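Here are the chains, one letter per residue:
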Amino acid sequence: MIFDEFAIKSLITPINDFPKAGVVFRDITPVFQSPKAFRMVVDSFVQRYIDSDFTHIGAIEARGFVLASAVAYALNKPLILFRKQGKLPAKVLTEAYDTEYEQSVLEVEAGCLNAEHKVLLMDDIIASGGTFLAAARLIRQMGANIYEVAAIVDLPELNGSRLLQDARIPTFTLTAFA
Ligand SMILES: O=P(O)(O)OC[C@H]1O[C@H](OP(=O)(O)OP(=O)(O)O)[C@H](O)[C@@H]1O
Ligand SMILES: Nc1ncnc2[nH]cnc12
């Protein structure tokens with residue numbers, strides 16, 4: 001399978017001033033709506049990680065769930081959900097964070113990971129990096145390790161991938177909008 005970056009980028013439409021003025025929203029939804037594109041994206045991650053030794057896949061609500069669950073299924077890995085506040089019934093760990101356009105709070109089940117675990121963390125997009133960094137803090141609170149963070153799209157102008165690099169978190173994306 002060859003990853004057709006141009007085809008995937010053409011599907012990701014820019015929407016100005018959503019969800020608030022000044023934001024150019026890169027809507028990933030058409031990729032999920034196209035079986036061919038979604039398969040190409042999922043297969044690219046599966047190819048990259050087929051022989052990797054991480055123990056878990058972490059999925060970030062909501063768009064990250066779609067991607068990470070398909071990859072976890074294909075690679076037969078346990079899937080850990082990082083959810084917005086108030087959704088998980090278990091005892092949770094909590095981290096507040098800022099994204100490009102809002103403030104939010106991420107939670108994960110307390111004790112679901114430990115120092116023997118290595119997590120591939122997945123989401124659809126890296127913008128300011130606030131979301132991935134919050135999930136990384138939750139993983140580290142449990143003493144677990146981060147194998148890599150992975151997304152379909154990087155928006156390098158928003159500096160998130162740079163902040164992740166500065167935090168020594170390996171980062172991989174299939175494409176970028178400069
Ligand atoms: O790098 P950042 O600036 O943190 O932004 C990236 C995050 O923003 C979006 O989530 P959002 O919570 O807006 O929406 P979703 O629940 O639809 O995924 C996106 O899915 C990432 O999780
Ligand atoms: N510009 C953007 N497009 C899509 N998702 C985002 N999440 C944060 N910033 C975003």
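What counts, and at which threshold
Residues numbered from 1 in each chain as written. Chains lettered and ligands numbered in written order. Predicted model: local features only at pLDDT ≥ 70, side-chain atom pairs only at ≥ 80, totals over all residues. Heavy atoms only, no water. 1 Å grid on protein atoms, 1.4 Å probe; cavity = no way out; pocket = protein on both sides within 12 Å on 5 of 7 lines; lining within 4 Å. Points joined across faces, edges and corners; volume = space filled by probe spheres on them. Helix = DSSP H or I, 4+ residues; strand = E, 2+ residues; numbered from the N terminus. Nonpolar A, V, L, I, M, F, W, Y, C, P; charged D, E, K, R; others polar. UniProt positions renumbered as here; feature names shortened; annotations may be inferred. pLDDT = per-residue confidence, 0-100. Expected span 1.5 Å × (residues − 1). Buried < 20%, exposed > 50% of the residue type's maximum accessible area, 1.4 Å probe, protein only. Salt bridge = Lys/Arg side-chain N within 4 Å of Asp/Glu carboxyl O. Near = heavy atom within 4 Å. Polar contact = N/O pair within 3.5 Å; in protein donor to acceptor, adjacent residues only side chain to side chain. Areas by Shrake-Rupley, 256 points an atom, 1.4 Å probe, with all protein chains shown as cover. Sits in = over half its atoms within 2 Å of the grid points. Phe/Tyr/Trp six-rings, centres within 6.5 Å; stacked < 30°, edge-to-face > 60°. Lys NZ or Arg CZ within 6 Å of the ring centre and 35° of its normal.

(A) Highlighting the layout of surface pockets. Taken as a whole, the largest pocket encloses approximately 430 Å³ of empty space. For the largest pocket, the lining is made up of 25 residues, of which R63, T99, Y101, I125 and T131 are closest to its centre. Breaking the lining of the largest pocket down by element, the ones donating at least two residues are β2 (24-27), α4 (63-75), β7 (118-126) and α5 (130-141). Taken together, the residues of the lining of the largest pocket sort by class into 11 nonpolar, 6 polar and 8 charged.

(B) Just the UniProt feature "domain: Phosphoribosyltransferase" (unreviewed entry) in the protein chain, in detail. Per the UniProt entry, the sites bearing "domain: Phosphoribosyltransferase" (unreviewed entry) are residues 40-156 in this numbering. For residues 40-156, the end-to-end C-alpha separation is 23 Å, with 30% helix and 38% strand making up the annotated structure.

(C) Summary view of the confidence of the model for the protein chain. Looking at the protein chain, the pLDDT average stands at 98 and 100% of residues meet or exceed 70. Model confidence for the complex is summarised by a pTM of 0.98, with the ipTM given as 0.98.

(D) Representation of α5 within the structure. For α5, which comprises 12 residues, the first-to-last C-alpha distance of 16 Å matches the rise-based estimate of 16 Å (1.5 Å per residue) to within 8%. The element α5 is largely enclosed, with a buried count of 9 among its 12 residues. For α5, the complete set of buried residues consists of G130, T131, F132, L133, A134, A135, A136, L138 and I139. Just beyond α5, the residue with positive phi is G143, at close to 80°.

(E) Expanded view of the pattern of salt bridges. Per the stated rule, a full pass over the model turns up 6 salt bridges. The partner of R48 in a salt bridge is E148, with the nearest N and O atoms 3.0 Å apart. A residue pair is termed long-range when its members are at least 10 positions apart, and R48 in helix α3 (residues 35-49) and E148 in strand β8 (residues 145-154) qualify at 100 residues. A residue is classified by how much of its surface remains accessible, and R48, at 39% relative accessible area, is partly exposed. For R83, the salt bridge is made with E61, and the minimal N-O distance between the two is 3.0 Å.

(F) The site of ligand 1, seen in detail. Contacts to ligand 1 come from 17 residues, most closely from Y101, D123, D124, S128 and T131. The contact in question runs from an oxygen atom of ligand 1 to an N or O atom on the side chain of S128, over 2.6 Å. Contact with the protein chains covers 89% of the free accessible surface of ligand 1, which is 500 Å². A molecule is said to occupy a pocket when more than half its atoms come within 2 Å of that pocket's grid points, and by this definition ligand 1 occupies the largest pocket. For the shell around ligand 1, the elements supplying multiple residues, two or more each, are β7 and α5. Of the residues forming the shell around ligand 1, the biggest block, 4 residues, is contributed by β7. Of the residues in the shell around ligand 1, the class split is 5 nonpolar, 5 polar and 7 charged.

(G) Inspection of the packing of aromatic side chains at higher detail. Inspection of every chain in the model, using the stated rule, returns 8 aromatic pairs. With centroids separated by 6.5 Å and ring planes inclined at 0°, the aromatic side chains of F45 and Y49 adopt a geometry described as stacked. In this pair, F45 and Y49 are both assigned in helix α3, 4 residues apart and thus about one turn of the helix distant. We classify F45 as buried; its relative accessible area is 0%. An angle of 85° between the planes, with centres 6.0 Å apart, marks the rings of F45 and F172 as edge-to-face. Here F45 is found in helix α3, whereas its partner F172 is found in strand β9 (residues 171-176), with 127 residues between them in sequence. One aromatic cluster is present, built from ring pairs that chain together F45, Y49, F54, Y147 and F172. Between the NZ or CZ atom of R26 and the centre of the ring of F177, over which it lies, the distance is 4.2 Å. It is R48 that lies over the ring of F172; its NZ or CZ is 3.8 Å from the centre.

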